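# Understanding the architecture of this molecule
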Amino acid sequence: MRYRKGLCDTCVGSCCSLPVEAVLSDLVRMELVDPFEIEAGTDERAIAKQLKRTHIIDHYNAKSGKFTLARRANGDCAYLEQQTRRCTIYEKRPTVCRNHPQIGPRPNHCAYIEK
Ligand code: SF4
Ligand code: SF4
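Anyway, here's the lowdown on the structure attached to this text. Position numbers for residues start from 1 in each chain and track the written sequence from start to end. All chains are assigned letters beginning with A, and all ligands numbers beginning with 1, in the order in which they are written. It should be noted that, the model being predicted, local features are given only for residues of pLDDT at least 70 and side-chain atom pairs only at 80 or more, the latter also being counted only at that level, while totals for whole chains, interfaces and linings use all residues.

## Some remarks on the overall build of the protein
Basically, it comes down to this: Only DSSP runs of H or I covering at least 4 residues are called helices, and only runs of E covering at least 2 are called strands; the numbering of each starts at the N terminus.
Within the protein, the regular secondary structure consists of four helices and three strands. Element order for the protein, N to C, with α for helix and β for strand: β-α-α-α-β-β-α. The dimensions of the protein, computed from C-alpha atoms along their principal axes, are 45 × 25 × 20 Å.

## Notes on the pairing of strand β2 (residues 57-61)
What counts, and what does not: Here, a strand pair is defined by DSSP locating no fewer than two bridges between the strands.
Sheet topology note: the β2/strand β3 (residues 66-69) ladder contains four bridges and is antiparallel. In the sheet register, I57 faces β3, and the bridge partner there is L69. Connecting β2 to the antiparallel partner β3 that follows it, the hairpin turn spans four residues, and G65 within it adopts a positive phi of roughly 70°.

## A look at the pairing of β3
Short version of the rule: Any residue whose C-beta has 12 or fewer other C-beta atoms within 10 Å is treated as exposed, any with 20 or more as buried, and any in between as partly exposed, C-beta atoms being built from the backbone.
The side-chain alternation of β3 yields one buried face, formed by F67 and L69, and one unburied face, formed by K66 and T68. Summarising the sheet, strand β1 (residues 21-22) and β3 pair through two bridges and their orientation is antiparallel. Looking at β3, one finds that E21 is bridged to T68.

See the structure below:
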């Protein structure tokens, strides 16, 4: 559906059930990675291993530097509030979420599903 302002108010938040690829700077903003670790030169792979072990991410792609955030069993993003269907970390959400649906495979379109 073509996106328009206010559409999210009546949507189940279907875009928050798609895999989210975050970069390291997103993870710092989300307070999942300590900036000190980056300053100290900790390898991204080591950070990814730790995040995977604690079920914060599902996957890490060393080539692209993308961390795929963990999802719930129902496919929802772990940060999507189940009753309100709103993001619980809205101010700190990853860049890819901030840019949706303006940037993506079909700009300004999204997978709206009525609540
Ligand atoms: S799918 Fe579209 S309407 Fe629904 S929450 Fe995402 S951007 Fe908003
Ligand atoms: S971080 Fe927030 S906006 Fe991004 S997918 Fe998860 S719930 Fe949705």
